[in-house]
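This is what each chain is made of:
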Amino acid sequence: MSELASQHCEACQADAVKLTHDQIETLLTELPEWQVVVENDIPRLKRRYKLKNYVAAQEFVNKVGEIAEDVGHHPVIHFSWGWASVYWWSHEIKGLHRNDFIMAARTDQLL
């Protein structure tokens, strides 16, 4: 289990502090398959997973939904035959928080 995946995901409030550029770069070294993308001026973590077929993609998406629901932190997910893209960011702060990296690491463990 990765160190990030075992960490506690805390409730994120609107006054939570966003990660700095340097903090993001450091955490990304622990998640080499993830990248930061900016949409609507909001940085987000993104990873596209290759999966066996549509059913495998749907099963993976359902597992992501379960871990998200467990902690009350929900990603955006797009999927189709043989792939799923997962986007994590903290909606309350319109940016990235340590929680997003924790959940990205947990998402990786689902495969």
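Please refer to the structure higher up on the page.
In what follows, the accompanying structure is described. Along each chain, residues carry numbers from 1 onward, in the same order as the chain's sequence is written. Local features are withheld for residues below a pLDDT of 70 in this predicted model, meaning they are given only at 70 or higher, and side-chain atom pairs are given and counted only at 80 or more; totals for whole chains, interfaces and linings count all residues. For the side-chain quantities, the full set of heavy atoms in the structure was used; hydrogens and water were omitted.

1. Side note on the environment of Ile93
So, point 1. Only DSSP runs of H or I covering at least 4 residues are called helices, and only runs of E covering at least 2 are called strands; the numbering of each starts at the N terminus. Relative to the helices and strands, Ile93 resides in the loop between strand S4 (83-88) and helix H3 (98-109).
So, point 2. When the C-alpha positions of Ile93 and Ile67 are compared, they lie 21 Å apart, and in sequence the two are 26 residues distant.
So, point 3. Residue contacts are counted whenever heavy atoms from the two residues lie within 4.5 Å of one another. Apart from the residues lying within four places of it in its own chain, the contact partners of Ile93 are Cys12, Gln13, Ala14, Ala16, Val17 and Lys18.

2. Digging into the nonpolar core
So, point 1. Only buried residues count toward a nonpolar core, which is a set of Ala, Val, Leu, Ile, Met, Phe, Trp, Tyr and Cys residues joined through side-chain atoms within 4.5 Å. For each residue, the accessible area found with a 1.4 Å probe, counting protein chains only, is set against the maximum for its type, and the residue is called buried under 20%, exposed over 50%, and partly exposed in between. Judged by nonpolar contacts, the single largest core of 31 residues is most densely connected at Trp34, Leu45, Trp88 and Phe101.
So, point 2. For this core, the elements supplying multiple residues, two or more each, are helix H1 (21-28), strand S2 (42-50), helix H2 (54-71), S4 and H3.
So, point 3. Examining the composition of this core, we find that 6 residues originate from one element, H2, more than from any other.

3. Here's the deal with the pairing of S4
So, point 1. Among the 6 residues that make up S4, 5 are buried, leaving the element largely enclosed by the rest of the structure.
So, point 2. Sheet topology places S2 next to S4; 6 bridges connect them, and they run antiparallel. Note on S4: the bridge partner recorded for Lys46 is Tyr87.
So, point 3. Summarising the sheet, strand S3 (residues 76-80) and S4 pair through 5 bridges and their orientation is antiparallel. Bridging from a neighbouring strand, Val76 pairs with Tyr87 of S4. Between any two strands, pairing holds if DSSP finds at least two bridges.

4. Re H2
So, point 1. A helix is expected to span 1.5 Å multiplied by its residue count minus one. In this model, H2 (18 residues) spans 26 Å end to end at C-alpha, consistent with the 26 Å of a helix rising 1.5 Å per residue.
So, point 2. Ala57, Phe60, Val61, Val64, Ile67 and Ala68 are the residues of H2 that are buried. Seen along its axis, H2 keeps its buried residues to an arc of 125°; they face one direction. Counted as exposed and oriented over 90 degrees from the buried face of H2: Glu66, Glu69 and Asp70.
So, point 3. In this structure, the buried side of H2 is in contact with S2, S3, S4 and H3.
So, point 4. Two or three places before Val55, at the start of H2, stands the capping residue Asn53, its side-chain oxygen 3.1 Å from that residue's backbone nitrogen.
So, point 5. Residue Gly72 follows H2 closely and has a positive phi angle near 70°. As used here, the arc is the angular range of directions from the helix axis to the C-beta atoms. Between N or O atoms, a polar contact is any pair within 3.5 Å; within protein, one atom must be a potential hydrogen donor and the other a potential acceptor, and residues adjacent in sequence are included only when both atoms are from side chains.

5. Some thoughts on the sheet that holds S2
Sheet strands associate in pairs through backbone hydrogen bonding, adopting either a parallel or an antiparallel arrangement.
So, point 1. Strand order in the open sheet made by the 4 strands is S1-S2-S4-S3, with antiparallel pairing throughout. Pairing within the sheet leaves two strands with one partner each, and these edge strands are strand S1 (35-39) and S3. Strand after strand, the sheet turns through a mean of 30° between neighbouring axes, direction not considered.
So, point 2. In this sheet, S2 lies alongside S1 in antiparallel orientation, the contact comprising 5 bridges. If you follow Val38 over to S2, its bridge partner there is Pro43. In this analysis, axes come from line fits to C-alpha atoms, helices being fitted only over the stretch in contact, and the angle between any two N-to-C directions falls in the range 0 to 180 degrees.

6. A few points about the packing of aromatic side chains
So, point 1. Note on aromatic pairs: the rings of Phe, Tyr and Trp (six-membered ring only in Trp) are paired at centre separations within 6.5 Å, and the planes decide the class, stacked below 30 degrees, edge-to-face beyond 60, tilted for the rest. Under the counting rule described, the total for this entry stands at 3 aromatic pairs.
So, point 2. On the basis of an interplanar angle of 50° and a centroid distance of 4.6 Å, the ring pair of Tyr49 and Phe60 is categorised as tilted. Of this pair, Tyr49 sits in strand S2 while Phe60 sits in helix H2, and the two are 11 residues apart along the sequence.
So, point 3. Under the relative-accessibility criterion, Tyr49 is labelled buried at 1%.
So, point 4. Taking relative accessible area as the criterion, Phe60 reaches 3% and is therefore assigned buried.
So, point 5. Aromatic pair Tyr54 and Phe79: ring centres 5.5 Å apart, planes at 40°, arrangement tilted.

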